[in-house]
Amino acid sequence: MSNVKQTLSIIKPDAVERNLDGQIKEEFLNNGFKIIQEKKIQIEKQEAEKFYKVHETKPFYNDLCSYLSSGPIVVMILERENAIIANRELMGSTNPKEAAEGTLRKKFGISIDKNSVHGSDSEENARIEIDFFFKS
Ligand code: CMP
């Protein structure tokens, strides 16, 4: 049975700033993802606060929201069989220092904050995050 799903991916400011967005998109395509929609935008800190609301009690919340709104990002709807899990595997651990060889965060990430990519962590959050950026 087909289990094709969609997930939300963000290429974060550190990667866009280093002109890595083309290379990262290639990685998604080479790993069987279709890019259904994409846009390059810069968001306000208030929008970042809404997007990362699940982390609002964490000590890193303020810096995280400042960072996501600090420069252009590329947001994408990715589609693939088991897209949410597949994207999390491709991204690797949150901290690039702990990420496995060959993963995006290992290849491109600089630090736990500047870890180059975000991906939805569940089907429910994928829907919420896709609607956040793409619902008209
Ligand atoms: P992301 O997958 O976008 O989700 C939340 C982000 O918070 C995470 O990637 C990291 O870039 C950032 N972050 C900063 N500090 C931490 C931490 N201690 N634990 C988890 N995430 C962190």
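The preceding data block contains the structure.
If you're wondering where the values come from, they're calculated on a predicted model, not measured in any experiment.

Chemist: Even after reading the chapter, I still don't get the overall build of the protein, so can you show me in this structure?
Modeler: Looking only at helices and strands, one finds 7 helices and 4 strands in the protein. The order of α-helices and β-strands along the protein, N terminus first, is β-α-α-β-α-α-β-α-α-β-α. Its C-alpha radius of gyration of 14 Å places the protein within 12% of the 14 Å reference for a compact globule of 136 residues. Principal-axis analysis of the C-alpha atoms places the extent of the protein at approximately 40 × 35 × 25 Å. Evaluated residue by residue, the protein yields a buried proportion of 44% over its 136 residues. Long-range contacts, defined as pairs at least 24 residues apart, comprise 74% of the intrachain contacts of the protein with a sequence gap of at least 6. Total accessible area on the protein is roughly 7,600 Å²; 47% of this is exposed by carbon and sulfur atoms. Counting 20 positive and 22 negative side-chain charges, the protein places the centres of these two groups 0 Å from one another.

Chemist: Any chance you could explain the site of the ligand here in plain terms?
Modeler: Around the ligand sit Lys 12, Tyr 52, His 55, Phe 60, Leu 64, Thr 94, Arg 105, Ile 112, Asp 113, Asn 115 and His 118, and that is every residue in its neighbourhood. In this structure, Tyr 52 approaches the ligand through a side-chain N or O atom, which is 2.6 Å from an oxygen atom. Between Asn 115 and the ligand, the recorded distance is 3.2 Å, taken from a side-chain N or O atom to an oxygen atom. Considering the ligand on its own, with 460 Å² of exposed area, one finds that the protein chains cover 77% of that surface. Structurally, the ligand is housed in the largest pocket.

Chemist: Would you mind going over the packing of aromatic side chains with me for this structure?
Modeler: How two aromatic rings sit relative to each other is set out by the distance from centre to centre and by the angle between their planes. Under the counting rule described, the total for this entry stands at 5 aromatic pairs. On the numbers, 5.7 Å between centres and 85° between planes, the contact of Phe 28 with Phe 33 is edge-to-face. The class for Phe 28 is buried, based on a relative accessible area of 0%. With a centroid separation of 5.1 Å and 70° between ring planes, the pair formed by Phe 51 and Tyr 52 is classed as edge-to-face. Neither residue differs from the other here; Phe 51 and Tyr 52 are each classed as buried. Linked through ring pairs, Phe 51, Tyr 52, Phe 132 and Phe 133 together constitute an aromatic cluster. Against the face of Phe 134 rests Lys 39, its NZ or CZ located 4.8 Å from the ring centre. Over the ring of Phe 33 we find Arg 80; its NZ or CZ atom is 5.4 Å from the centre of that ring.

Chemist: When you look at the pairing of strand S3 (residues 73-81) in this model, what are you seeing that I'm missing?
Modeler: A regular strand places its side chains so that they alternate between the two faces of the sheet. As paired elements, strand S1 (residues 4-11) and S3 share 8 bridges and run antiparallel to each other. Paired with Lys 5 across the two strands is Arg 80, which belongs to S3.

Chemist: It is not clear to me how the nonpolar core should be interpreted in this structure. Could you clarify?
Modeler: Soluble globular proteins tend to bury their nonpolar side chains together. Among the nonpolar cores identified, the biggest contains 17 residues, and Ile 11, Ile 24, Phe 28, Phe 33, Met 76 and Leu 104 are the most heavily contacted of them. Among the elements of the structure, helix H1 (13-17), helix H2 (21-30), S3, helix H5 (83-91) and helix H6 (104-108) are those that each provide at least two residues to this core. Looking at this core element by element, the count peaks at 4 residues for H5. Not counting chain neighbours up to four residues away, the residues in contact with Ile 11 comprise Val 16, Asp 21, Ile 24, Lys 25, Ile 73, Val 74, Met 76, Ser 116 and Val 117. Among the nonpolar cores identified, the runner-up in size contains 16 residues, and Ala 48, Phe 51, Ile 130 and Phe 134 belong to it.

Rules used in this analysis
Residues numbered from 1 in each chain as written. Predicted model: local features only at pLDDT ≥ 70, side-chain atom pairs only at ≥ 80, totals over all residues. Heavy atoms only, no water. Helix = DSSP H or I, 4+ residues; strand = E, 2+ residues; numbered from the N terminus. Rg over C-alpha atoms; globule rule 2.2 N^0.38 Å. Buried < 20%, exposed > 50% of the residue type's maximum accessible area, 1.4 Å probe, protein only. Contact = heavy atoms within 4.5 Å. Areas by Shrake-Rupley, 256 points an atom, 1.4 Å probe, with all protein chains shown as cover. Lys, Arg positive; Asp, Glu negative; His and termini not counted. Charge placed at Lys NZ, Arg CZ, Asp CG, Glu CD. Near = heavy atom within 4 Å. Polar contact = N/O pair within 3.5 Å; in protein donor to acceptor, adjacent residues only side chain to side chain. 1 Å grid on protein atoms, 1.4 Å probe; cavity = no way out; pocket = protein on both sides within 12 Å on 5 of 7 lines; lining within 4 Å. Sits in = over half its atoms within 2 Å of the grid points. Phe/Tyr/Trp six-rings, centres within 6.5 Å; stacked < 30°, edge-to-face > 60°. Lys NZ or Arg CZ within 6 Å of the ring centre and 35° of its normal. Pairing = 2+ DSSP bridges. Core = buried A, V, L, I, M, F, W, Y, C linked by side-chain atoms within 4.5 Å.

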